[in-house]
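# Coordinate analysis (summary)
Single-letter residue listing:
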Amino acid sequence: MIKINGVVLPTPSDYSVGIQDISKAERNARGTMIIERIATKRKIELMWAYLSKEDLSKVLQYVSPVFFQVEYLDPLDGKMKTGTFYAGDRNVGALDFIDGKIRWKDVKFPLVER
Amino acid sequence: MIDVSGEFKQSVYAPIRKTAAKVSFEILDNEAYLDNSSAASSEAEISRKGQLTNKARNMSHKYATFEKDYWKLDGSFYIPPRPEEDESELGWWSETISDETGVFAPSQIVEFTFIEEHNSMGLTISFDSLAREYASDFSIFAYRSDGSLIKRVTVTGNSNTMYVWKEGLDNYQKIVISINKWIKPFRRARVTEVDFGIVQEYEGDKLIKVNVVEEMNVVGDTLPSNEVKFTIDNSDREFNILNPQGYYRFLKDRQEVNLSIGVETAEEIFEYMDFKKYYLTDWQSDEGALTTTFTARDVFEILDQKEYATSISGTLYDLAEDVLIKAGVTDYEIDEGLSEIPTNGFPEKLSARKALQCIGIAGKAAVYQSREGVVTIKRFTALDEQSTFMVYAGPDMFAGMTYVAVDNGWDMKNITFDNVYKEPQIRLDQLVQSIVITVHENGQKVEHAFLNEGVKEGSSLKCDNPLIQSVSHAEDIAAWILRESNLRALYSINWRQNPALECGDIVLVEDSFGMKKQSRITKQEYEFAGYLNGKTETKGGV
C-alpha cells in the first residue's frame, strides 16, 4: 500500500491522504478574490494500532532522513504515485510493560510532501 | 506583445492561475568556441561540421536520409539542404553507418584542437533531439598540449539526446569524442553541438525566486539595460567558493542566461514566454550559503564597455549597423526609416551604448533588446486613438463573410481592476515648455531653442547629440520630443502581471472613474517566487 525508498511498510490501520493547495490569495481592486496557485501537495496521515518492536524500529528508521521517496496510493486517480516527502512528529504510545518488555501501540505520524 | 495561444489568453487572467519559471545559464568557456578547429574520422555530404560549436543545440529539422527504417513519410522530415545552400542547422553527420547492432566499426571520432589552453566545467554533447536519437556508448578524452591525458570518461548505455559530463577540466588543448555505438542500427552518428562547459537549467524546487526588470524609453533620454536576477537552491553547495568540485571557479562574466515564464494552460502544461540573451554580471552566495543569487543584464551592459572609435558617414541606418557590427552584435533590427536620415557620423570616439542612444534620438526611435535577444531600433507611432486598437468593436466579430481587422491582442492589453491589487497610481510628469537642441554643423556647436506651443510655464530640456547636424533635423527632433513630453500621465500598476506584454505595447488601464486610458508600457517588473506578480509602468495622455 505504501513504500518508502522502495521498501514496503506494514499496512497501516489508518491511512488518510490530504490534498493541500498551496496558494497566494489576495483580493483584487474590485474586492474579488484572485488566487495564484503555487502547488498542490499531499499530506499522508499514517497510524498503526500495533507494531512489533522490530517493525516499529524499521518504520522509524525509514522516515528518519530529512527527505525520502514515498510511493503511495493517491485518492485523486486511485493509482500509485511517487513523491518526495518528509515526516512530521512521530508519536508512539506504550501498550504495556511486562517483565521488562515494552509493547507499542498507536504509532502515528504524518508524511508531508516536499 | 508576444503572440500567444487562445488557451494562454484565457489562463493568464483567470481567477485561479498557475505560473512557472525556468532559468538556464551557461557555464562555458566562451573563448574555446573561437579558438577551436575540428576534425572528424568521416563526414557525410550533408554534414556541417563547422556548426558543431555555434551554440545551436538543435537541428533545424529532421532530415530525410536513406538510413534503414529512418525516413517516415509523415511530413515531419525535410530534404537536407545542399552544402552552403542556406543557414539550416545540421551539425556533424558521419559518413560511416552503424551495423545491425548499432556499433560503428571503426569508432567515429570527432576531435577539437585549441591554440590556447582552456578550462571548463566539463563538456556537453547534443546529439539529435528532434529524431530522439543519440550515441549509447562513447568516450570523451581531454588532453594537454603535450598529448598527456587529463581526464577521460567512458559512457555505456546513455539514454539521452544530451550528455553532460560534469567534471572540472583544467588546461586542456585537445578534446576527442569517440562514438562506439548508436542507439539504433544502420545509422550515421549525428552530433549537433559540443559545448565546452555545461548549461544548467533551474526550475521548480531548485529555483527560489526570479526578478526581471525590462525598461524602454521611447524618447531615448536614457538607454536602460534590462536585468534578470535569480536565486537558486544551493543546499548541495555546488556554488560555494570553497568547494573544489563546485562551479564557482568556472563562473565567468558574460555567460548567457535565458529565462522563461509560463502560464499553465492545461493540467501541468505551461506555455512559456522567453526572455533571451542576458549575460551574467554578478553572482554571490547568500547568507548561510544555502542559496546563490545571480544577476544578468542584457547586451547594453556589454556595449557600454565597447568603444566605437572610427565612425562612418552615410545614413543613420548605416551608422547604426556599423556600430553594432563593430561591437560584435549579430542579431539586430534597424528601422528602415533611419536610412532616410543622412549623417556625417560621430566626431569623437564614444561607447557603443552611447552611440546607439544618440542614433535612437537622432532617428526618433527607441533602442532596446527584444525578448528574442535582438537589438532593435524602432520608431513607435504617436500615441493617438487612430493608431491603436481603440476603434476595436469587440472580440471575434464577423461581418458577413468578412473579419473586422482588429488588434488580436486586444483582450490581453486590458489592465482592469480584475487583475490589479490596488487602483493604479497616476502622477503627472513635469510639463515641458521648451527644448534647447545643440546643432553640430561644420565643427561648430550652435544652440537652438524650440517652444512647446500652448505651454506657458514648465521646465526646459537640453539635448546635445552629435548626430543632430542641421537646424531642420533639430526642429524635427524637437517636435517629436515635445509631442512625447505632452504624454504626462505616468501610471504605476501593481498587478498579477502578464509575461506576454512587452515594453512599447499600448495598454488600456482602468481607473476608478470607469475610464480606460490608453498608455504605452515603459517598464515591466516581474517577480516570481512560486507565483507571478509584478509592476507595470506606463505613460500616456491625461
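All figures in this text were calculated on a predicted structure; none of them were measured in a lab.

## What to know about the overall build of chain B
For chain B, the count of helices and strands is six helices and 35 strands. A principal-axis box enclosing the C-alpha atoms of chain B has dimensions of 85 × 60 × 60 Å. Here chain B holds 542 residues, and the buried ones make up 54% of them. By sequence separation, contacts in chain B at least 24 residues apart represent 74% of the contacts at least 6 residues apart. As displayed, chain B has an accessible area near 25,000 Å², and 48% of this comes from carbon and sulfur atoms.

## Some points on the sheet that holds strand S23 (residues 366–369) of chain B
Residues and elements named next belong to chain B. The strand order across the open sheet formed by three strands is S20-S24-S23, and the pairing between neighbours is mixed. Bordering the open sheet on either side are strand S20 (332–334) and S23, each of which pairs with just one other strand. When the angles between neighbouring strand axes are averaged without regard to direction, this sheet yields 15°. Direction of pairing for S23 relative to strand S24 (residues 375–378): antiparallel, over a ladder of four bridges. Bridge pairing links alanine 366 to lysine 378 in S24. Packed on one face of the sheet, helix H4 (residues 316–326) meets S20 and S24 and runs near 165° to S20.

## Regarding the sheet that holds strand S29 (residues 432–441) of chain B
All names here are of chain B. Reading across the sheet, the three strands line up as S30-S29-S31 and stay open at both edges, with mixed pairing between neighbours. This sheet does not close on itself; its edge strands, each paired only once, are strand S30 (444–451) and strand S31 (459–464). Strand-to-strand, the axes of this sheet are offset by a mean angle of 20°, without reference to chain direction. Judged from the eight bridges that link them, S29 and S30 form a sheet pairing that is antiparallel.

## Details of the packing of helix H5 (residues 352–362) of chain B against helix H6 (residues 471–485) of chain B
Residues and elements named next belong to chain B. It is at 10 Å that the axes of H5 and H6 come closest, and there the two elements cross at 85°. Regarding the angle of H5 to H6, the classification is roughly perpendicular. Across the interface between the two elements, Gly360, Ile361 and Ala362 from H5 touch His473, Ile477 and Trp480 from H6. Taken together, the residues that form the contact of H5 with H6 break down as four nonpolar, two polar and no charged.

## Focus: the environment of Lys68(B)
Of note, Lys68(B) is situated in the loop between strand S3 (62–63) and strand S4 (77–78). For the pair Lys68(B) and Val299(B), spaced 231 residues apart in sequence, the C-alpha separation works out to 46 Å.

## A short note on the pairing of S23(B)
Covered by surrounding structure in S23(B) are Ala366(B) and Tyr368(B) together with Val367(B) and Gln369(B), the residues of both alternating faces. Joining the antiparallel neighbours S23(B) and S24(B) is a turn of five residues, in which Gly373(B) adopts a positive phi near 85°.

## Brief notes about the pattern of salt bridges
A side chain with one charge may pair with a side chain of the opposite charge, provided their charged atoms come close. Inspection of every chain in the model, using the stated rule, returns 39 salt bridges over all chains. Put simply, Glu26(A) and Lys24(A) hold a salt bridge, and the shortest N to O gap is 2.4 Å. We classify Glu26(A) as partly exposed; its relative accessible area is 31%. Residue Lys24(A) is classed as buried on the basis of its relative accessible area of 16%. Residues Glu67(B) and Arg188(B) are paired through a salt bridge, measuring 3.3 Å at the closest nitrogen-oxygen approach. One end of the pair, Glu67(B), is in the loop between S3 and S4; the other, Arg188(B), is in strand S10 (residues 188–191), and 121 residues separate them in sequence. What you see here is one network of salt bridges that share partners, running through Glu67(B), Asp128(B), Glu133(B), Lys184(B), Arg187(B), Arg188(B) and Arg190(B).

## Considerations on the environment of Ser94(B)
All names here are of chain B. Mapping serine 94 onto the fold places it in strand S5 (residues 92–97). It is 40 Å that separates the C-alpha atoms of serine 94 and arginine 237, two residues lying 143 residues apart in sequence. Beyond its immediate chain neighbours, meaning those up to four positions away, serine 94 contacts Ser42, Glu43, Ala44, Phe104, Gln108, Arg188 and Ala189. At 2.8 Å, the side chain of serine 94 and the backbone nitrogen of alanine 189 are in polar contact.

## Concerning the packing of aromatic side chains
Residue and element names in this part refer to chain B. Within this structure, the stated rule accounts for 25 aromatic pairs over all chains. Judged by centre distance (5.2 Å) and plane angle (80°), the rings of phenylalanine 114 and phenylalanine 196 are edge-to-face. Taken together, the residues span a long stretch of sequence, with phenylalanine 114 in strand S6 (residues 103–126) and phenylalanine 196 in the loop between strand S11 (193–195) and strand S12 (197–203) at a distance of 82 residues. Across the pair, phenylalanine 196 and phenylalanine 114 agree in class, each one buried. Consider the rings of tyrosine 308 and phenylalanine 346, whose centres lie 6.0 Å apart with planes at 85°: the pair is edge-to-face. Of this pair, tyrosine 308 sits in strand S18 (residues 307–308) while phenylalanine 346 sits in the loop between strand S21 (342–343) and strand S22 (350–351); the two residues are 38 residues apart in sequence, bridging distant segments of the chain. Given a relative accessible area of 7%, phenylalanine 346 falls into the buried group. Linked through ring pairs, Phe25, Tyr202, Phe230, Phe239, Tyr247 and Phe294 together constitute an aromatic cluster. Lying across the ring of tyrosine 33, lysine 55 places its NZ or CZ 4.8 Å from the centre. For the cation-ring pair, arginine 190 lies above tryptophan 93, with the distance from its terminal atom to the ring centre recorded as 5.1 Å.

Cut-offs used in this document
Residues numbered from 1 in each chain as written. Chains lettered and ligands numbered in written order. Predicted model: local features only at pLDDT ≥ 70, side-chain atom pairs only at ≥ 80, totals over all residues. Heavy atoms only, no water. Helix = DSSP H or I, 4+ residues; strand = E, 2+ residues; numbered from the N terminus. Buried < 20%, exposed > 50% of the residue type's maximum accessible area, 1.4 Å probe, protein only. Contact = heavy atoms within 4.5 Å. Areas by Shrake-Rupley, 256 points an atom, 1.4 Å probe, with all protein chains shown as cover. Pairing = 2+ DSSP bridges. Axes fitted to C-alpha atoms, helices over the stretch in contact; angles between N-to-C directions. Parallel < 35°, antiparallel > 145°, perpendicular 65-115°, else oblique. Nonpolar A, V, L, I, M, F, W, Y, C, P; charged D, E, K, R; others polar. Salt bridge = Lys/Arg side-chain N within 4 Å of Asp/Glu carboxyl O. Polar contact = N/O pair within 3.5 Å; in protein donor to acceptor, adjacent residues only side chain to side chain. Phe/Tyr/Trp six-rings, centres within 6.5 Å; stacked < 30°, edge-to-face > 60°. Lys NZ or Arg CZ within 6 Å of the ring centre and 35° of its normal.

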